[in-house]
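Here's the letter readout for the chains.
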Amino acid sequence: MTLILGIDPGSRITGYGVVRDTGRGCEYVASGCIRTGAGVLHERLQIVFRGVREVIQTYGPVTMGIEQVFMARNADSALKLGQARGAAIVAAAEEGLEIAEYTASQVKQAIAGTGGADKQQVMMMVMHLLKLVQKPQIDASDALAIALCHAHHRQSLIPHGLASAKRRGGRLRL
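Everything numeric in this text was worked out from a predicted model, so none of it was measured.

Participant: What is the right way to read the side chain of Thr36 from this model?
Facilitator: Within the secondary structure, Thr36 is located in the loop between strand E3 (26–35) and helix H1 (41–59). Within the local environment of Thr36, its side chain forms a polar contact with the backbone oxygen of Ser11, the two atoms lying 2.7 Å apart. Residues contacting Thr36, with those up to four places away along its chain left out, are Ser11, Arg12, Arg44, Ile47 and Val48.

Participant: Looking at this structure, how should I read the UniProt feature "binding site: Mg(2+) 2" (unreviewed entry) in the protein chain?
Facilitator: Within this numbering scheme, the UniProt entry marks Glu67 as carrying the feature "binding site: Mg(2+) 2" (unreviewed entry). Note on placement: Glu67 falls in strand E4 (residues 63–67). Its relative accessible area of 14% is what places Glu67 among the buried residues.

Participant: Is there a simple way to explain the nonpolar core in this structure?
Facilitator: Most often, soluble globular proteins have nonpolar side chains that are buried together. Counting 21 residues, the largest nonpolar core has Val19, Val107, Ile111, Val126 and Leu130 as the members making the most contacts within it. Of all elements in the fold, only strand E5 (98–102), helix H3 (104–112), helix H4 (119–130) and helix H5 (138–157) reach the threshold of two or more residues within this core. Of all the elements, H5 adds the most residues to this core, at seven residues. Ranked by size, the runner-up nonpolar core spans 18 residues in total, among them Val55, Ile66, Ala87 and Ala92.

Participant: For this particular structure, what's the right way to read the UniProt feature "active site" (unreviewed entry) in the protein chain?
Facilitator: UniProt feature "active site" (unreviewed entry): in the numbering of this structure it lies at Asp8, Glu67 and Asp139. A maximum C-alpha distance of 11.7 Å is found for the annotated residues, which run over 132 residues; spatially they form one tight group. Glu67 has contacts with Ile7, Asp8, Pro9, Arg85, Tyr102, Ala104 and Ile146, leaving out every residue within four places of it along the chain. Mapped onto the elements of the fold, Asp139 is located in helix H5. The class for Asp139 is buried, based on a relative accessible area of 19%. Aside from chain neighbours lying at most four places away, what touches Asp139 is Asp8, Ile13, Gly15 and Cys33.

Participant: Explanation requested: the packing of H1 against helix H2 (residues 75–94) in the structure shown.
Facilitator: Packed helix pairs are characterised by how far apart their axes lie and by the angle those axes make with each other. Close contact between H1 and H2 brings their axes to 8 Å; oriented N to C, the two are set at 35°. Where H1 crosses over H2, the handedness of that crossing is right-handed. Contacts from Leu41, Arg44, Leu45, Val48, Phe49, Val52, Arg53 and Ile56 in H1 reach Lys80, Gln83, Ala84, Ala87, Ala88, Val90, Ala91, Ala92 and Glu94 in H2. Split into classes, the residues belonging to the contact of H1 with H2 amount to twelve nonpolar, one polar and four charged.

So, how was this worked out
- Residues numbered from 1 in each chain as written.
- Predicted model: local features only at pLDDT ≥ 70, side-chain atom pairs only at ≥ 80, totals over all residues.
- Heavy atoms only, no water.
- Helix = DSSP H or I, 4+ residues; strand = E, 2+ residues; numbered from the N terminus.
- Polar contact = N/O pair within 3.5 Å; in protein donor to acceptor, adjacent residues only side chain to side chain.
- Contact = heavy atoms within 4.5 Å.
- UniProt positions renumbered as here; feature names shortened; annotations may be inferred.
- Buried < 20%, exposed > 50% of the residue type's maximum accessible area, 1.4 Å probe, protein only.
- Core = buried A, V, L, I, M, F, W, Y, C linked by side-chain atoms within 4.5 Å.
- Axes fitted to C-alpha atoms, helices over the stretch in contact; angles between N-to-C directions.
- Left-handed = near helix turned anticlockwise from the far one by under 90°.
- Nonpolar A, V, L, I, M, F, W, Y, C, P; charged D, E, K, R; others polar.

So, in structure tokens, the structure goes:
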């Protein structure tokens, strides 16, 4: 059984979700949001770093999936998102986790069966797959979807002996 952390990065709210991959499916462990408030950017990034590190130390995942940055309408927002993402990646790397990155459409495809699914469709599938009776916060739901996507990708690589392969530029590197 493997504990997997999913991170939906944000400069104001970073969602996290932890699932246990049993080999026959995934079980819900925890989820929530790291809220940074409206302080200066470097303080918010520090909150993201410390929050992700605390989640890792509390639950003990061994691998993490994180959403890749997409180009938003506002370049400044995309840069801040990228910096929050970097803070989360460094926290995971410092704790020794394996890290995988997924685009939003890869996550939606893995969870809802279509890369064009909306947030509500993804949330409903997350609830169904993890047998949740209450709706998680939207950022936590997205993070759980990323964790489930990562579990799915890991399981599809294991039969081929590629579970330890690294992804670079969208390609597997052995």
